[in-house]
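What the coordinates show
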Amino acid sequence: MYTFEDLKNIMETLRSENGCPWDRVQTHESMKKYLVEECAEVLEAIDHQDTENLCEELGDVLYQIMIHTEIEKEKGNFTIEDVIDGICQKMVRRHPGVFGGQDFPENGDHKMTWEEIKKQEREEKKKAAEKL
């Protein structure tokens, strides 16, 4: 069975000089329509409760994530590890009741909801950007 490391290596090979001519020339813009199509196919598989097809379509969405990430890695902007780190940080931060370390204070009689935490994060990002 292939691993995530294999997937990273395959993606890198596809985009390399000796890789696939089609994959090598793709850009974020050229791949947008495929991302939309693949997400629609995931939704269709869910609607039809077709778990076999869902597995395949989720793989196609993962390919989309990988190629967009590879494009940015080639530019020196970020890697798939950065994407993974970012989503892990977000999930932990937005689920303080599950992971502890409540960075966000309770708001009155309830813990902050996902949307409240998200709003606070946006406000903090905006303030940080204004300082630059």
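Residues numbered from 1 in each chain as written. Predicted model: local features only at pLDDT ≥ 70, side-chain atom pairs only at ≥ 80, totals over all residues. Heavy atoms only, no water.

- An unreviewed UniProt entry annotates the chain as Nucleotide pyrophosphohydrolase originating from Candidatus Copromonas faecavium.

1. Section: a negative patch on the surface
- There is a patch of like negative charges on the surface, built from Glu 37, Glu 41, Glu 44, Asp 47, Asp 50, Glu 52 and Glu 56.
- Contributing elements (two or more residues each) for the negative patch: helix H3 (28-47) and helix H4 (51-75).
- Considering every element that reaches the negative patch, the biggest residue donor is H3, with four residues.
- Secondary-structure assignment places Glu 56 in helix H4. (Patch = residues over 30% accessible without salt bridge, like charges linked within 9 Å, V, L, I, M, F, W, Y side chains within 5 Å. Areas by Shrake-Rupley, 256 points an atom, 1.4 Å probe, with all protein chains shown as cover. Salt bridge = Lys/Arg side-chain N within 4 Å of Asp/Glu carboxyl O. Lys, Arg positive; Asp, Glu negative; His and termini not counted. Charge placed at Lys NZ, Arg CZ, Asp CG, Glu CD. Helix = DSSP H or I, 4+ residues; strand = E, 2+ residues; numbered from the N terminus.)

2. So, the UniProt feature "domain: NTP pyrophosphohydrolase MazG-like" (unreviewed entry) in the chain
- Per the UniProt record, "domain: NTP pyrophosphohydrolase MazG-like" (unreviewed entry) is annotated on residues 26-99.
- Across residues 26-99 one finds 85% helix and 0% strand; the C-alpha atoms that close the span lie 39 Å apart. (UniProt positions renumbered as here; feature names shortened; annotations may be inferred.)

3. Let's talk about the environment of Ser 30
- In this structure, Ser 30 sits in helix H3.
- At a separation of 2.7 Å, a polar atom in the side chain of Ser 30 contacts the side chain of Gln 26. (Polar contact = N/O pair within 3.5 Å; in protein donor to acceptor, adjacent residues only side chain to side chain.)

4. Let's talk about the pattern of salt bridges
- Counted according to the given criterion, the structure contains nine salt bridges.
- The partner of Glu 81 in a salt bridge is Lys 8, and the shortest N-O contact between them spans 2.2 Å. Of this pair, Glu 81 sits in helix H5 (residues 80-93) while Lys 8 is found in helix H1 (residues 4-15), placing the two residues 73 residues apart along the sequence.
- Judged by relative accessible area, Lys 8 falls into the buried class, the value being 17%. (Buried < 20%, exposed > 50% of the residue type's maximum accessible area, 1.4 Å probe, protein only.)

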